Amino acid sequence: MAMVHVLEVCSAAAHCASATPLLVIAAGAVLLSLALLCYILFPPKRHVYVLDFAVHKPHSSWRFPRSRIRELCKGRFSEADVAFQERMAYRTGLSDDTAVCPAIQSGDESNCTMEAARFEFGTTCITTVTELFAKTGVKPHQVNFVITNSSLFNPTPSLSAMIMNHFKMSGRTINYSLGGMGCSAGVIALDLARELLGQHPNSVALVVSHENITNNYYSGSDKSMLIPNVLFRCNGSAVLLTNRRCDVPRAKYTISHIVRTNLAADDTAYNCVMQTEDAERKVGVRLNKDLIQVGARALRENMTALGPKVLPYSEQAKFAANLILRKAAKLQPALAARLPAAWLQPYTPDFRKAFEHYCIHTGGRGIIDGLEKEMQLSRQQVEASRASLYRFGNTSSTSVWYELAFIESQRGLAAGERVWQLAFGSGFKFNSSVLVARRRIRDASHAAWDGFDGEVMWRALDELEASAAAARAAKAAAAAAGGDKAACS
């Protein structure tokens, strides 16, 4: 019996020994399956990089000094409208070096044809893409995606097809043309490229941004539609994005975040920037009185969404505490009465702790002033935006790239420094992109900024501000005097 028991024990041990490898294999298969499932459901984030970019430098023959506004407008506008455009040009922070295309400078509306608009796009954008290919060594046939954005000029064939045709790109290249998306469309195109590269490894995307002014010059008498004539100037930018491993060591930036805010469901926001016809059925873009208020609301919503992604925890805690306190005070009026008034004001987080550089869309001097005050930015922190408006005018969706070119060429960036690109426009949309410098960057190849004198700009802008302050003071004094007379009577 003892011998039988020993044999049974040995047999059981042998069976367990033979079963152990099978259990290990089964467990390993289960773990591998779970890992594979997690990879499929939650794939690792592919980083997308800005390899490099370029912006257009207008030819000297396109230079349009402000003194030429009267000459161009004479006979086409009433004296009051000519004077209005002159005042706007001198008050909005533009210099005499901005560029206007030949078709408009000719003063003959019949020259503003479809072919002239194509010529403007080719001169400002095809040349910029050529420069970018030369800078990076990327060949046209290596580009997997071409994305263009232009709000008001969308011909057939499309602008992206025009680029593919000019550079004889591969038939496998996929193209997209974004239209009607306003001055924030450059960030939207960047976001589309990032999404595409996130799904397609080992790929390159070309983003070309532009706003065409040839066929969008307004010749009517509606003052709300005359403003774009004064502000918008010729422009073009090209950006190469990549996720190829071979490009990582030389890429300039990592795209860290893109946050998009869209208020199109709100009628007031939707209508504040509108391409339409005036009473004489002349087409133009109308900017209405709600624009500033809508822009401020869109900025707050965008900052609220962006803040948790970029702000240090200390700023997030202050924002959250302020929000809770204001909501509690709203529900309990007695509590609100006992609190200092300053505590009940909305807290604006200190985004200066999140970014070293700012590229604010060059919508106009007043818009830059407002954002500078709202975010408590320094003179240096808004210099890129003021310089871009001064040197190039409102360059629409390309402005954030002109500003980054200014920072690279005039100041430089250290590795790890963060750039906040703020773009906003019709719809109404407010979009932010956050770029992180991968290495030390000081790029003198941006010819658009050759010869720029910052001291001359600041003297001109300081004189402009002093003049505006004097005008405000005189207006306030006149209003006070009028009030005193009314009181005496």
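Residues numbered from 1 in each chain as written. Predicted model: local features only at pLDDT ≥ 70, side-chain atom pairs only at ≥ 80, totals over all residues. Heavy atoms only, no water.

### Re the overall build of the chain
Looking only at helices and strands, one finds 16 helices and eleven strands in the chain. A compact globule built from 489 residues would reach a C-alpha radius of gyration of about 23 Å, whereas the chain, at 29 Å, exceeds it by more than 25%. Taken over the C-alpha atoms alone, the chain extends approximately 130 × 70 × 45 Å along its principal axes. Classification of the 489 residues of the chain by burial places 48% in the buried group. By sequence separation, contacts in the chain at least 24 residues apart represent 80% of the contacts at least 6 residues apart. When the accessible area of the chain is evaluated, it comes to approximately 23,800 Å², of which 59% is carbon and sulfur surface. Distance between charge centres in the chain, computed from 54 positive and 43 negative side chains, equals 3 Å. (Helix = DSSP H or I, 4+ residues; strand = E, 2+ residues; numbered from the N terminus. Rg over C-alpha atoms; globule rule 2.2 N^0.38 Å. Buried < 20%, exposed > 50% of the residue type's maximum accessible area, 1.4 Å probe, protein only. Contact = heavy atoms within 4.5 Å. Areas by Shrake-Rupley, 256 points an atom, 1.4 Å probe, with all protein chains shown as cover. Lys, Arg positive; Asp, Glu negative; His and termini not counted. Charge placed at Lys NZ, Arg CZ, Asp CG, Glu CD.)

### Considerations on the UniProt feature "domain: Chalcone/stilbene synthase C-terminal" (unreviewed entry) in the chain
Here, UniProt's "domain: Chalcone/stilbene synthase C-terminal" (unreviewed entry) annotation points to residues 358–435. Helix makes up 42% of residues 358–435 and strand 23%, whereas the separation of the span's terminal C-alpha atoms amounts to 10 Å. (UniProt positions renumbered as here; feature names shortened; annotations may be inferred.)

### Description of the pattern of salt bridges
The final tally for this structure, using the stated rule, is 34 salt bridges. Linking Arg 281 and Glu 277 is a salt bridge whose minimum nitrogen-to-oxygen distance equals 3.2 Å. With relative accessibility at 62%, the residue Arg 281 sits in the exposed group. Residue Glu 280 is joined to Lys 282 by a salt bridge in which the shortest nitrogen-to-oxygen separation is 3.9 Å. Salt bridges sharing common partners tie together Arg 365, Asp 369, Glu 372, Arg 386, Glu 465 and Arg 472. (Salt bridge = Lys/Arg side-chain N within 4 Å of Asp/Glu carboxyl O.)

### What about the pairing of strand E8 (residues 283–287)?
For a regular strand, side-chain orientation follows a simple rule: the groups alternate between the two sheet faces. Of the pairings in the sheet, the one linking strand E7 (residues 273–277) to E8 comprises five bridges and is antiparallel in character. Along E8, the bridge assignment pairs Gln 275 with Val 285. (Pairing = 2+ DSSP bridges.)

### Notes on the packing of aromatic side chains
What the rule picks out here adds up to 15 aromatic pairs. When the ring of Phe 355 is compared with that of Tyr 358, the centres are 6.2 Å apart and the planes differ by 75°; the resulting orientation is edge-to-face. A relative accessible area of 2% means that Phe 355 is categorised as buried. Stacked on the ring of Phe 84, the Lys or Arg Lys 223 has its end atom at 5.7 Å from the ring centre. It is Arg 379 that lies over the ring of Trp 458; its NZ or CZ is 3.9 Å from the centre. (Phe/Tyr/Trp six-rings, centres within 6.5 Å; stacked < 30°, edge-to-face > 60°. Lys NZ or Arg CZ within 6 Å of the ring centre and 35° of its normal.)

### Section: the packing of helix H14 (residues 383–392) against helix H15 (residues 399–411)
Two numbers describe how H14 lies on H15: the axes approach to 9 Å, and their chain directions differ by 110°. As the angle between them shows, H14 and H15 are arranged roughly perpendicular. Here Glu 383, Ala 384, Ser 385, Ala 387, Ser 388 and Phe 392 of H14 lie close against H15, whose contacting residues are Tyr 402, Glu 403, Phe 406, Ile 407 and Arg 411. Taken together, the residues that form the contact of H14 with H15 break down as six nonpolar, two polar and three charged. (Axes fitted to C-alpha atoms, helices over the stretch in contact; angles between N-to-C directions. Parallel < 35°, antiparallel > 145°, perpendicular 65-115°, else oblique. Nonpolar A, V, L, I, M, F, W, Y, C, P; charged D, E, K, R; others polar.)

### A closer look at the environment of Ser 399
Mapped onto the elements of the fold, Ser 399 is located in helix H15. Distance from Ser 399 to Val 273, taken between C-alpha atoms, is 18 Å for residues 126 residues apart in sequence. Every residue in contact with Ser 399, bar those within four places of it in the chain, is listed here: His 361 and Thr 362. Looking at Ser 399, its side chain comes within polar contact range of the side chain of His 361, at 3.0 Å. (Polar contact = N/O pair within 3.5 Å; in protein donor to acceptor, adjacent residues only side chain to side chain.)

### Here we look at the state of the cysteines
For the coordinates displayed, the defined rule picks out zero disulfides. Cys 73 carries a free sulfur, and the closest cysteine sulfur to it, the one in Cys 112, is 13 Å from it. Counting only cysteine sulfurs, Cys 101 is the nearest neighbor of Cys 234, a cysteine outside any disulfide, at a range of 4.4 Å. (Disulfide = S-S within 2.5 Å.)

### Describing the sheet that holds strand E6 (residues 253–262)
Overall, mixed pairing links the nine strands, which are arranged E3-E2-E4-E5-E1-E6-E11-E10-E9 in an open sheet. Only two strands of the sheet have a single partner each, and these edge strands are strand E3 (174–179) and strand E9 (357–360). On average, each strand axis in the sheet is tilted by 20° relative to the strand beside it, whichever way the strands run. Bridge count for strand E1 (residues 49–55) against strand E5 (residues 237–242) is six bridges, and the pairing is antiparallel. Bridged to Asp 52 within E5 is Leu 240.

### Thoughts on helix H5 (residues 114–136)
The end-to-end C-alpha distance of H5 is 32 Å, a good match for the 33 Å that 23 residues give at a rise of 1.5 Å each. At Gly 122, H5 shows its strongest bend, of approximately 30°. The positive-phi residue at the C-terminal boundary of H5 is Gly 137, with phi of around 80°. (Expected span 1.5 Å × (residues − 1). Bend = angle between axes of the 7 residues up to and from the residue.)

### A short note on the packing of helix H13 (residues 365–374) against H14
At their nearest, the axes of H13 and H14 sit 11 Å apart, and the two run at 175° to each other. Judged by the inter-axis angle, H13 sits roughly antiparallel to H14. Here Arg 365, Ile 368, Asp 369 and Glu 372 of H13 come into contact with H14, specifically with Ser 385, Arg 386 and Leu 389. Looking at the contact of H13 with H14, its residues break down into two nonpolar, one polar and four charged.

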